[in-house]
Amino acid sequence: MMIKKAILAVLMITALAGCAQTEGQQRAGTGALIGGAGGALVGQAIGGNTKSTVIGAASGALLGAVVGSATTPQRRGDEMCRYQDRYGRIYTAPCDDRYYNGNY
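About the cut-offs
- Residues numbered from 1 in each chain as written.
- Predicted model: local features only at pLDDT ≥ 70, side-chain atom pairs only at ≥ 80, totals over all residues.
- Heavy atoms only, no water.
- Helix = DSSP H or I, 4+ residues; strand = E, 2+ residues; numbered from the N terminus.
- Contact = heavy atoms within 4.5 Å.
- Areas by Shrake-Rupley, 256 points an atom, 1.4 Å probe, with all protein chains shown as cover.
- Polar contact = N/O pair within 3.5 Å; in protein donor to acceptor, adjacent residues only side chain to side chain.
- Buried < 20%, exposed > 50% of the residue type's maximum accessible area, 1.4 Å probe, protein only.
- Disulfide = S-S within 2.5 Å.
- Salt bridge = Lys/Arg side-chain N within 4 Å of Asp/Glu carboxyl O.
- pLDDT = per-residue confidence, 0-100.
- Expected span 1.5 Å × (residues − 1).

(A) A look at the overall build of the protein chain. The secondary structure content of the protein chain amounts to 4 helices and 2 strands. Starting at the N terminus and walking to the C terminus, you meet the elements of the protein chain as α-α-α-β-β-α. Restricting the contact set of the protein chain to residue pairs at least 6 apart, pairs at least 24 apart contribute 34%. Carbon and sulfur atoms make up 63% of the accessible area of the protein chain, which totals about 8,000 Å².

Given below as structure tokens:
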């Protein structure tokens with residue numbers, strides 16, 4: 001019974017990870033899956049019981065999500081900057097070269 005619940009949980013997490021829309025969200029989801037699986041294996045190997053496996057899986061998933069999100073490469077031109085026109089209106093638009101050169 002426990003195996004069926006674990007398989008169902010993995011399938012649900014995989015389905016939710018596939019719904020991520022940005023590259024950062026996809027990398028965080030993939031990192032959480034890989035980290036959770038690795039953490040579960042390490043937890044089982046160290047503790048040898050269910051509690052250790054669950055703690056290892058949770059810790060690995062959290063660490064994997066953080067690392068996956070933090071290692072998402074930033075593409076030049078994806079950043080949005082706030083500008084103010086001569087009438088005082090504030091708007092957002094893709095950043096220009098002043099942003100990338102540090103002259104803002």
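(B) Structural detail: the side chain of Thr53. Tracing the backbone shows Thr53 in helix α3 (residues 50-70). A polar side-chain atom of Thr53 sits 2.4 Å from a polar atom in the side chain of Gln44. For Thr53, the contacting residues outside a window of four places in its chain are Ala40, Gly43 and Gln44.

(C) Quick look at the environment of Leu62. Mapped onto the elements of the fold, Leu62 is located in helix α3. A residue is classified by how much of its surface remains accessible, and Leu62, at 59% relative accessible area, is exposed.

(D) Inspection of the state of the cysteines at higher detail. Counted according to the given criterion, the structure contains 1 disulfide. One disulfide bridge connects Cys81 with Cys95, the sulfur atoms lying 1.8 Å from each other. Looking along the S-S bond of the Cys81-Cys95 disulfide, the torsion reads about 100 degrees, which is the right-handed sense. Residue Cys81 is found in strand β1 (residues 80-84), and its partner Cys95 is found in the loop between β2 (90-94) and α4 (97-101); the two are separated by 14 residues along the sequence. Residue class for Cys81 comes out buried when judged on its relative accessible area of 14%. Here Cys95 falls in the buried class, since its relative accessible area comes to 10%.

(E) The pattern of salt bridges, seen in detail. Inspection of the entire model under this criterion finds 1 salt bridge. Ionic pairing is found between Asp85 and Arg89, a salt bridge with its closest N-O pair at 2.8 Å. Look at Asp85 and you get partly exposed, because its relative accessible area is 21%.

(F) Structural context of the confidence of the model for the protein chain. Mean pLDDT for the protein chain: 81, with 73% of residues reaching 70 or above. Averaged pLDDT values over the elements of the protein chain bottom out at 67 in helix α1 (residues 2-18) and peak at 91 in α3.

(G) View of helix α2 (residues 23-47). Under the 1.5 Å per step criterion, the end-to-end length of α2 is 35 Å for 25 residues, consistent within 8% with the ideal 36 Å. Immediately beyond the C-terminal end of α2, within one or two residues, lies Gly48, with a positive phi of roughly 75 degrees.

(H) Fine view of the environment of Gln26. Assignment of secondary structure puts Gln26 in helix α2. Taking the relative accessible area as the measure of exposure, Gln26 reaches 39% and is therefore partly exposed. Here the alpha-carbon distance between Gln26 and Thr72, two residues 46 residues apart in the chain, equals 9.5 Å.

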